[in-house]
Amino acid sequence: MVRFEATALAALALYLPASSAADRLRGSSPSSPQEAVVVTAASVEENNPFIDIQRAGIDRSLASIHVESELSFVSDEQLGALGEYISRYSVDGNTDIPETCPLDYEGDVDPYHPDSYTTLGSGRSLMGEMDMDHEMEHTHMHYVQSTCNAMLDMATCVDWSLWFDMNNITMSSEVKIPCGECVTLDAGPGQDMEGLTLEFEQGLNIVGKLVIPSGADIQLLTKYVFVQGVLEMPPPPAGTPISSEDSGPKVKITLYGTEEVIFNPDEATDNSHKDGEAVSAKAFVVAGGRVDVRALDPSCPGWVKLQSVTYGAALPNLALNKNATQSSTYNNNPSDAASKAVDGNYNSFTHTNCNKGINEWWKVDLADLYTISSITVGNRLDCCGGRFHDATFYFYDENDVEVYVMPTSGGIGNKKSFSVGASVDARYVKIGEFEVYGWKASEGVPLENMDRLHVGEEAANCWKSPGSRIMLTSDTYEWDDSHIEVVADVPSDPGTIAVYPLTKKKSAVDETFGYPDFAVEVALLDRSLIIEGAKDEGEFATLGGHFIVLHTPHVHQHLEGALLQNMGQQGKLGRYPLHFHMSECVHGSTLSKNVIWQSNQRCVVVHGSHNVTVSENVAFDTKGHCFMLEDGGEWDNVFYKNLGAKVGRLPRGVPRAEETDFFPSVYWITNPSNDFIGNVAAGSQGPGWWFELKLRAPSSELEINNHGMNPKALPQKTFKDNASHSSGFRAGFTTYETGYLAPPGTVWENIKAYKNKEAGLFQHGTANIDFRGGLLADNGQAAHNFHHDNAIYDGTEVIGRSEHMQFLIDQGRISDHCKTGGLSLQPNEGLGRGTTIKNSSFKGFNNGCSGGPKYAIHVGNNQVRNGVFDASPTIFNNNFADEPVSSRISACWGIHNSGDNDVRTVVIEDVDGSLSGSSPGFFVQDVPSVASFIDITNCEMDRTTRNFTMHISDGTNTAPVKRGKIWFDEKQNHLSAPMPLALPAAATGSPYQITFTDANDEPAWPGYAKLNLERAPSCIGGVSAGEIEFVMPDGGGDRCMDLFKYDDYPNGIYGWQNFFAGLVVSEDAGKYVISTNRRKHDRGHVNLSRNLDTSCLVGNIGRTFHLFGKMRMKDESDADVASDGTSNDSPKITFSITGGQSNFVQSWNLATSSDGSWAEFSEEITMPSGIEGANRAQIVIDKAEKQEFLITEWGMTLIPSEAPTLRPSSYPSVSPTLRPSSHPTVSLVPTKVATLTPTKQPVTAAPVSATPTNLALSGLASGDSECHNGFAYKAIDGNPNSINHSCCTNFGAWIMVDLGIGTLNYIEKIVVKNRVNCCGGRLKRFYVELLDADKNVVFEQYHGGTVGNAQVREFVVDNGTVARFARVRHEDSYKDCLHIGELEVWGYPTEVPASPEPIIGKILVETNYCLFSHLVA
């Protein structure tokens, strides 16, 4: 069946004859009628028919239309409107029903105001051309509108007072309006039910139609509301102000009860065959019905910007010098007495005892009954500010009886003000400096103390009811610095509302120095229609009501102008204040100008539903993600000009373990193919906007989403004019951590992020977003590009510290965080396409702040892959105003503050000289390998990896410099280890040849090598991939007999790697064991891998290798885990050779035991033909989610054979000639590189040097484990501010430094420097030891007590001793983290080998400057 809805039409059975549109409706009956089309009354207007279609499986080609009922009441114009619609989809008498859920905008239509929509049209939505039959495969779960209500719009409505027995206003059984019947709730002015309260103990079931007239004043108490028919509320007359809590008519629907409610479709409806389903307590359910509620004047705005404020005289501080008491006084010290909090001096403070777990309190007697409007708490300024948090304020009357309780969350910084609801009459306040503001309750607020808010005439006319509650958002970094003010009953000028004195001054447009976005948003919280959940105590305290449109497609719902208070049910999935649930296409549905206040869980949730318009709603003081798309299966929805403020977190794991509401966002987006325009996030404990793109069940089960759709790669619909300020965590806008691989050309237009505590933008794992225009100002960091490939900033204004921010600081209205970072350049990008910054402006960075990166553009420091800068940015045509060059660009933050590796090899082109303020050129990091651009006439590298040396050979060339990067695997906890090179142009016909040699200068191959070309400088061309070739050695001789021959445990983990988590080497019964640090619980399975020497495998086609090893698995409790060797619970071992003519892959599952025994693996693998040209061979051990892998005794050996070895002829053997270095002359900042090995000396028993030095600086550090980026080398890097950090679950944690293979050292003392910033108490109960070359302990000293932060302990070795290793370890029975700032070993070498073996560790670079030279091209 297909349903058309049109006004003034009753129930029509229609068939299509071939005639004009109007004539078709009046035509004769066809000889072979098709299936009927039912037309019911709804909303066809004279020039704007809005017709909704519901398909139920009929043939699309309707042959004719026939009217079976009397149509004398239907005008030709109305028939024409319907007929024109039919004609729109009719060709030669055939009517095509639209295949999807399209929106069609005609003429001068604003697509973001739903009342301007015209008919369904031919426009295609991003849902694509999906056949309706596919969509309707899910109708078994859908509720449909019922035919018994076909005559509703023509039915005469009966007053409630006549329909029901008004002598019984408490009804013990379910109150039901039957199908086909219409009832009007006659509670308007002068009507019988005005001002009454009705209670429905078993709920209200609207199966027919209920009309609530405009201006009604009534309260309904009910366990639930079911809408299976129609709930209608027409708009009030133009100019009607919105009622306040204290004045004006209101309709209040209070949902109460705590028992589960079951929704059963009524037996008279078309859904009666469906089973009932649980909908929880306090449920407002729309199932197969329609809500058409328009509870305010359409001209009333949802919210506005504050234009200006006229302040009245300041209220007095009522607490000043009043009598104060407190629960205790710290050490009975008079200087900490309660009176210190009301003495007007912020440098004195009160101090109770520190009885953790005991409720300490402070209280002031105001000496009279006052109406209290706000309180301000000043924190102590010298230290310990974090102790004041999560306080509760209690208010008492003159009889000391509690009258109001006001809990707060979070800290207060230096000072914080709190508004007190709608003001409270009290004498005592029980809870730094403490200030109380208000007026005598017996006198009322003096007129001269009133403040006047200029909000515009439309807002003022709608919001002027006395007692109305007005919310003003935060204008600071604090997410909860929004306040409620109350409208006073005094005259005001046009466009102005008078309010009781503001809790604190707020930024208005007239004081934002030309940046009106900085003004706070203002919203009315009251509405004339209130839907609320009754408040319960104890375990049901967070069980609010919930409103859900349940499985009801193709019905346009309209809810406008309601206040939803105490809604949402914490911990219950799917129970939210406003919720479209799995209703699929609901074209035309609108949620507009509603207020969600004090929600227990989320705000507006669109789930498995499409084409909903969410516009001009206000959410305030809510918990969890607020405006959200729940599963990623939501399309073509429009979020327009919504506002969310003070969005707090839910407990971890609520409403279920995988949810992220503990870091709540105002807008949580799982699918980018929806429109977001003009929305504001105005304060969240998490990000303002969070793109956490994912597709989850049940939405993933819909046909529309069942074609391999990945939200991370979908196109972004319109994303424009959105803003975020005052977010408390991570960023105003973020794509962390799922990322967004946006199609090229994706634009975020005019995005504004300001006064966010951390970053304005935080992009992670993302690509191709073009930030067009917009404003980034006063953020901790303007934009944090954390692996954002091809980010573009085009015409963006970036301000470090604005004049407005300085104005607020100078007035004491905001704390000075002094973090003003600009745009970051991520050193590494996945595809090597760096950031583009063009046509943008920068100012406010030369401001004296020292916290964090303080430059307009700076090199970032996240997950730096072996310190290489490999994503060349493009920066041109930017305006830096009066910023000096020193504040325009910096690499200091990346070079010296990376948690992984300090960045090196930074090269940034200054295309037009705007960075330097002079001529075009380059900024280059001041290290020789970059500044000299490397002379190719002798290109033996000065850096080794795994004892390999890389050689680049080419003829002499004087062409301009060109740059490329060579990557190859080295480091054990990242997938690749880039090696930077900068190459001049190759000689014509003579490409570069890259070869490798091992420690014995024999031809070798590192296992894997890959070329990654960056963007070439604009002033010269770029070297192509064809100009660089790798030359593999052949597979003959002894070189390939043992592919693990370079392994040297525990001095190095060569080749094995575990992405993110790192590896640990330990010793077990004489065997070295490699184990993975368990990954985070939310990260899936471990991946342990190792690259193999591809040249040996390709060079031995037809021969067989033996791959073998042993393995165990452990769980997080350190117990061995058994697996059957067949399922995904078992480790999977995969051997692969890729990149050649064809790939070769073999895999096996391995069974493990729980008894601690090693599972043995052994396979013979014959190298097949077809792998010629391969560039990578790898072993991967994975699957077995969330387990720890332990491996030992692995190897891969070539099985001897008499048969000739088959070697491809395409890999010539090249032994490069080593030529003397000849570098071009370049003016460099003096640089000093620390030596990795001791200076070569003759072997002697006498001391080589009598001057003690810190030998650890040249050593190799290792530990029992590494967590939180606390790599062992940080304990010997000379920097006490960087720390090593073991995992915190091991007994006897240790850190050890190897002073040199083959060396003997005379040790005089060991110095341990504790970490500086925190947690110093963990360093206790430890041994300091020296060990000889065989790891026998030759010196030991125990330290039992605690070492404080930044404290130093020296351990003198009496008479000295000779050793190779130094170790610090917790005693065996002590389990905690081990982290220190620096381990120093003072002495001198007594013996070194004639040919010292290098220790592969961290190269320390010391420079007089941390940044760049500017070289003019």
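Scroll up to find the structure this text is about.
Read on for an overview of the structure. Note that this is a predicted model, so its numbers are computed, not measured.

A count of helical and extended segments in the chain gives nine helices and 95 strands. Burial statistics for the chain: of 1417 residues in total, 58% are counted as buried. When the accessible area of the chain is evaluated, it comes to approximately 53200 Å², of which 48% is carbon and sulfur surface.

Once that is clear, we can look at the sheet that holds strand E29 (residues 451-454). The sheet built from three strands is open, its strands ordered E22-E29-E32 with antiparallel pairing. One side of each edge strand has no neighbouring strand; the edge strands of this open sheet are strand E22 (308-310) and strand E32 (496-499). Between one strand axis and the next, the sheet turns through 25 degrees on average, direction left out of account. In this sheet, E29 lies alongside E22 in antiparallel orientation, the contact comprising three bridges. Opposite Ser 308, over in E29, you have His 454 as the bridge partner.

Once that is clear, we can look at the layout of surface pockets. Space inside the second largest pocket adds up to approximately 1600 Å³. Of all the secondary-structure elements, those providing two or more residues to the lining of the second largest pocket are strand E26 (402-407), strand E27 (415-430), strand E31 (483-486), strand E34 (529-533), strand E41 (618-623) and strand E44 (643-648). The leading source of residues in the lining of the second largest pocket is E27, at seven residues.

The next point concerns the side chain of Ser 1130. Within the fold, Ser 1130 resides in the loop between strand E78 (1104-1114) and strand E79 (1131-1138). Residue Ser 1130 is classed as buried on the basis of its relative accessible area of 0%. Here Ser 1130 is in contact with Ser 1123, Asp 1124, Gly 1125, Leu 1150, Asp 1182, Lys 1183 and Ala 1184, once residues within four sequence places are set aside.

We now examine the state of the cysteines. This model, assessed by the stated rule, comprises five disulfides. Here Cys 300 engages in a disulfide with Cys 462; their sulfurs sit 2.0 Å apart. Residues Cys 300 and Cys 462 share a disulfide whose torsion about the S-S bond is about -90 degrees; that sign makes it left-handed. Cys 462 matches Cys 300 in its accessibility class, with the two residues each being buried. Covalent S-S linkage joins Cys 603 and Cys 626, the inter-sulfur distance amounting to 2.1 Å. With the S-S dihedral at roughly -100 degrees, the linkage between Cys 603 and Cys 626 falls on the left-handed side. You can see Cys 603 sitting in the loop between strand E39 (595-597) and strand E40 (604-615) and its partner Cys 626 sitting in the loop between E41 and strand E42 (627-629), a full 23 residues away along the chain. By relative accessible area, Cys 603 is classed as buried at 0%.

Turning our attention to the sheet that holds strand E76 (residues 1071-1076). Here five strands make up an open sheet; going across it, the order is E75-E76-E83-E78-E81 and the pairing antiparallel. A strand with exactly one partner marks an edge of an open sheet, and here the two such strands are strand E75 (1063-1068) and strand E81 (1159-1166). Neighbour to neighbour, the strand axes of the sheet diverge by 30 degrees on average, direction disregarded. Of the pairings in the sheet, the one linking E75 to E76 comprises six bridges and is antiparallel in character. When the bridges of E76 are listed, Glu 1067 appears paired with Tyr 1072.

Moving on: unusual backbone geometry. Cis rather than trans, the peptide bond between Val 654 and Pro 655 has omega equal to 0 degrees. With respect to the secondary-structure elements, Pro 655 resides in the loop between E44 and strand E45 (667-669). Residue Glu 737 follows Tyr 736 across a cis peptide bond; omega there is -5 degrees. Topologically, Glu 737 is positioned in the loop between strand E51 (731-734) and strand E52 (741-749). Non-glycine residue Met 582 carries a positive phi angle of around 50 degrees. Mapped onto the elements of the fold, Met 582 is located in strand E38 (residues 578-592). Relative accessible area serves as the criterion here: at 4%, Met 582 is assigned to the buried category. The residue Glu 1193 is not glycine, and still its phi comes out positive at about 55 degrees. Mapped onto the elements, Glu 1193 comes out in strand E83 (residues 1188-1198).

The rules behind each value
- Residues numbered from 1 in each chain as written.
- Predicted model: local features only at pLDDT ≥ 70, side-chain atom pairs only at ≥ 80, totals over all residues.
- Heavy atoms only, no water.
- Helix = DSSP H or I, 4+ residues; strand = E, 2+ residues; numbered from the N terminus.
- Buried < 20%, exposed > 50% of the residue type's maximum accessible area, 1.4 Å probe, protein only.
- Areas by Shrake-Rupley, 256 points an atom, 1.4 Å probe, with all protein chains shown as cover.
- Pairing = 2+ DSSP bridges.
- Axes fitted to C-alpha atoms, helices over the stretch in contact; angles between N-to-C directions.
- 1 Å grid on protein atoms, 1.4 Å probe; cavity = no way out; pocket = protein on both sides within 12 Å on 5 of 7 lines; lining within 4 Å.
- Points joined across faces, edges and corners; volume = space filled by probe spheres on them.
- Contact = heavy atoms within 4.5 Å.
- Disulfide = S-S within 2.5 Å.

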